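Tertiary structure, described
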Amino acid sequence: MSDHPSRRAAILKMDPSVRCLEGVEWRSKYLGAGVACLHLVSGVWASRLDSWVAQVVVAYSVGGTCVQALFLAIHECTHGLFFSSPRRNMAFAIFVLNSPILVPFAVSFRGYHLAHHRCQGVQGEDTDLPSEWEK
């Protein structure tokens with residue numbers, strides 16, 4: 001199983017210009033905050049709809065899309081791609097990106113995800129590999 005550092009090295013060897021895509025993306029924080037606002041506003045709006053069917057459609061389509069986008073934004077903050085400061089990334093992930101999602105997971109996700117990167121492919125160490133009972 002390939003690990004992230006060797007894949008990164010192979011990609012850079014094939015196309016060194018990819019390096020310009022690395023690092024903090026200044027627009028991400030604004031897009032993430034916008035998605036968090038959209039999620040909250042659409043939830044309030046949907047709660048005022050007369051039809052429960054319309055509420056379910058809005059919750060599933062808009063709410064589900066926003067939750068997935070916020071999860072991915074939290075993932076990017078875990079890798080330090082919203083701000084140059086690790087503390088700012090974590091604070092933004094907790095207080096802005098994770099706040100519309102009712103389950104607070106940004107802090108614990110960071111620990112598990114970084115363990116996945118350190119121990120990729122090692123059974124019992126890589127947190128993204130299924131355990132024996134999950135297979």
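First, a word on what this report is: a plain description of the structure on this page. What you see is a predicted model; the values in this text were computed from it and never measured.

About the criteria used
- Residues numbered from 1 in each chain as written.
- Predicted model: local features only at pLDDT ≥ 70, side-chain atom pairs only at ≥ 80, totals over all residues.
- Heavy atoms only, no water.
- Core = buried A, V, L, I, M, F, W, Y, C linked by side-chain atoms within 4.5 Å.
- Buried < 20%, exposed > 50% of the residue type's maximum accessible area, 1.4 Å probe, protein only.
- Helix = DSSP H or I, 4+ residues; strand = E, 2+ residues; numbered from the N terminus.
- Contact = heavy atoms within 4.5 Å.
- Phe/Tyr/Trp six-rings, centres within 6.5 Å; stacked < 30°, edge-to-face > 60°.
- Salt bridge = Lys/Arg side-chain N within 4 Å of Asp/Glu carboxyl O.

1. A short note on the nonpolar core
One finds Ile74, Cys77, Phe82, Phe92 and Leu97 to be the most contacted residues of the largest nonpolar core, which totals 14 residues. Contributions of two or more residues to this core are made by helix H3 (52-78), helix H4 (86-97) and helix H5 (106-118). A total of four residues in this core trace back to one element, the largest contributor, which is H3. If we ignore the near neighbours within four places in the chain, the residues touching Phe82 are Val24, Glu25, Ser28, Lys29, Ala73, Glu76, Cys77, Asn89, Phe92 and Leu97.

2. What about the packing of aromatic side chains?
In total, this model carries six aromatic pairs according to the counting rule given. Aromatic pair Phe82 and Phe92: ring centres 5.7 Å apart, planes at 55°, arrangement tilted. Of the two residues, Phe82 sits in the loop between H3 and H4 while Phe92 sits in helix H4, which places them ten residues apart along the sequence. With relative accessibility at 12%, the residue Phe92 sits in the buried group. Consider the rings of Phe83 and Phe92, whose centres lie 5.4 Å apart with planes at 65°: the pair is edge-to-face. Here the aromatic cluster, defined as three or more aromatic residues joined through ring pairs, consists of Phe71, Phe105 and Phe109.

3. Notes on the pattern of salt bridges
It is possible for side chains of opposite charge to pair when their charged atoms get near one another. For the coordinates displayed, the defined rule picks out three salt bridges. With its nearest N and O atoms 2.8 Å apart, the salt bridge here joins Glu22 to Arg8. On the criterion of sequence distance, the pair formed by Glu22 in the loop between helix H1 (4-14) and helix H2 (28-47) and Arg8 in helix H1 is long-range, its members being 14 residues apart. For Glu22, the salt bridge goes to Arg19, with nearest N and O atoms at 3.8 Å. One continuous salt-bridge network, built from bridges that share partners, spans Arg8, Arg19 and Glu22.

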